[in-house]
Every structure is written in C-alpha cells, then in structure tokens.
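# Structural description and commentary
Okay, here's what each chain looks like letter by letter:
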Amino acid sequence: MHEEIYDRLVPRLKQLWVTVPVGNPLADGVLVGPLIDAAAFEAMQKALQEARAEGGDIAGGERLHADAAPNAYYVRPAIVEMPGQTPVTLRETFAPILYVMRYGSLNEAIALHNAAPQGLSSSIFTNDLREAELFLSAAGSDCGIVNVNIGPSGAEIGGAFGGEKETGGGRESGSDAWRSYMRRATNTINYSRELPLAQGINFAMP
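Here's what I pulled together on the structure shown here. As the structure is a computational prediction, the values presented were derived from the model and not from experiment. (Residues numbered from 1 in each chain as written. Predicted model: local features only at pLDDT ≥ 70, side-chain atom pairs only at ≥ 80, totals over all residues. Heavy atoms only, no water.)

## Considering the packing of helix α3 (residues 106-114) against helix α4 (residues 129-136)
One can describe the packing of α3 onto α4 by two numbers: an axis separation of 11 Å at closest approach and a directional angle of 25 degrees. Classified by the angle between their axes, α3 and α4 sit roughly parallel to one another. At the point where α3 passes α4, the crossing takes the right-handed sense. Where α3 approaches α4, its residues L106, N107, I110 and H113 are matched on the opposing element by E131, L134 and F135. (Axes fitted to C-alpha atoms, helices over the stretch in contact; angles between N-to-C directions. Helix = DSSP H or I, 4+ residues; strand = E, 2+ residues; numbered from the N terminus. Parallel < 35°, antiparallel > 145°, perpendicular 65-115°, else oblique. Left-handed = near helix turned anticlockwise from the far one by under 90°. Contact = heavy atoms within 4.5 Å.)

The following block contains the structure:
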C-alpha cells in the first residue's frame, strides 16, 4: 500500500473487516465460511504467530462460533501490518490473512511483488495509466493473470490461462502448451470510476 494513503486506508479496512459476515456459507448474506478443518485453523494461527514474531501487528484472526459449531472452524479474517516482506508473507497459508506493508515507488512495489515464489494472479489499483501499463508489461507483474483496478481473479475460462512460478500448474495440460516458451498474461482493466467489489462489500463510511 502506498505510503501516502497507508495511514488513511488501513484503519478503514480494519473497520470493514469486523463487519464481514462469517458463518454458514449457504445462508444469505454470509461472505466467509469455515476453514476446511482443524489443521487449516492451526496453520492459520501458526502463520499469525510467525507474523507477530516478525514484527507484524495483527487485527482479527480469532475463532468464531466455537460454542454453536464446535466441529467447524470459523475465523474472522485477519489484517496483518508488516514492517516488510518477511518469510511468512511469502508462504501460501490458504487462510483469510491480508498482509499489508508500505511502499514508496512503483518499482519497489513490483520488486516485492515479483519476489514471491507464487505467480498465479495479481492486481494493481491505480489511476495512473503509465503505472497500469508498466504493471501489465514484461517489466511488471510476472504472474499468469494480471489485473488493473479489480481484485485478483482465478482461472478465466475465456482467457489464456496458466500460472507462473510455483502456482497454477503451468500450461502443459491445455491448448496453450506450445506457448510455454513464452510468457503471457491475461489482463483486466477497469476504466470506470466505479470499483466492482465482490459480494457487495461497501467501503462507504458512516
């Protein structure tokens, strides 16, 4: 998150996080269901402990509904402010953890981004067309799917798909197999002034 907006945006995110409905994913209005099992919950808690040991400041991450559903592992999504890109931030925990850190220049942010061993999907949020084009270029994101002003999507059936680095399974099993000698990206750019957010999340503050 750019250092100029960090101190304004992070508090808003924290206020939003505590309002996200967590519970039965089949119920109307619920956005976050349970983790798959106890092992997933333990892995999340271990990651949060590591983040704290690496200088992180944690909001959320606690277990919910344990009395009503003792055999299910519901958790509040966690926001973890990190002093930098530490080892735990570079590992896939498969849990609702958002690591947040500051950056000054776009080149610095891209270097941090590309240092991750995973390369499935990525996003940038910017009003600067030059920044967007840089992120989409070969000098920008090294992921298989690259998005602008929209969240990181998964595999898109209508687009050329393939993860890079340690995620996505590569392109060997699909029609893009011959393109494994190239690096392609599926790009999504939102040119409107509206921010399409999943499941109707509203950033408007009271």
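## Focus on a nonpolar patch on the surface
Together, F125, L195, L197 and I201 give the surface a local cluster of nonpolar side chains, amounting to about 330 Å² of exposed area. Relative to the helices and strands, L195 resides in the segment after β10 (186-189). Residue classification places L195 among the partly exposed residues on the basis of a relative accessible area of 43%. (Patch = residues over 30% accessible without salt bridge, like charges linked within 9 Å, V, L, I, M, F, W, Y side chains within 5 Å. Areas by Shrake-Rupley, 256 points an atom, 1.4 Å probe, with all protein chains shown as cover. Salt bridge = Lys/Arg side-chain N within 4 Å of Asp/Glu carboxyl O. Buried < 20%, exposed > 50% of the residue type's maximum accessible area, 1.4 Å probe, protein only.)

## What about unusual backbone geometry?
Positive phi outside glycine occurs at H65, with the angle close to 60 degrees. Mapped onto the elements of the fold, H65 is located in the loop between β2 (63-64) and β3 (74-75). The backbone phi angle of F94 is positive, close to 55 degrees, even though this residue is not glycine. By the secondary structure assignment, F94 is in the loop between β4 (78-81) and β5 (97-100).

## As for the packing of aromatic side chains
This structure, assessed with the given rule, holds one aromatic pair. An angle of 35 degrees between the planes, with centres 5.5 Å apart, marks the rings of F41 and Y73 as tilted. With F41 in helix α2 (residues 38-53) and Y73 in the loop between β2 and β3, this pair connects stretches of sequence that are 32 residues apart. Neither F41 nor Y73 differs from the other in exposure class; each is buried. Here the basic side chain of R63 rests over the ring of F41, its NZ or CZ set 6.0 Å away from the ring centre. (Phe/Tyr/Trp six-rings, centres within 6.5 Å; stacked < 30°, edge-to-face > 60°. Lys NZ or Arg CZ within 6 Å of the ring centre and 35° of its normal.)

## A word on the pattern of salt bridges
With the rule as written, the count across this model stands at seven salt bridges. A salt bridge links K14 to E81, with the shortest nitrogen-to-oxygen separation between them at 2.7 Å. Of this pair, K14 sits in helix α1 (residues 3-17) while E81 sits in strand β4, placing them 67 residues apart in sequence. Judged by relative accessible area, E81 falls into the buried class, the value being 18%. Its salt-bridge partner being K165, residue D142 comes within 2.8 Å of it at the nearest N-O pair. In this pair, D142 is assigned in the loop between α4 and β8 (145-148) and K165 in strand β9 (residues 164-165), connecting sequence segments 23 residues apart. A single salt-bridge network, built from bridges that share partners, covers K14, D57 and E81.

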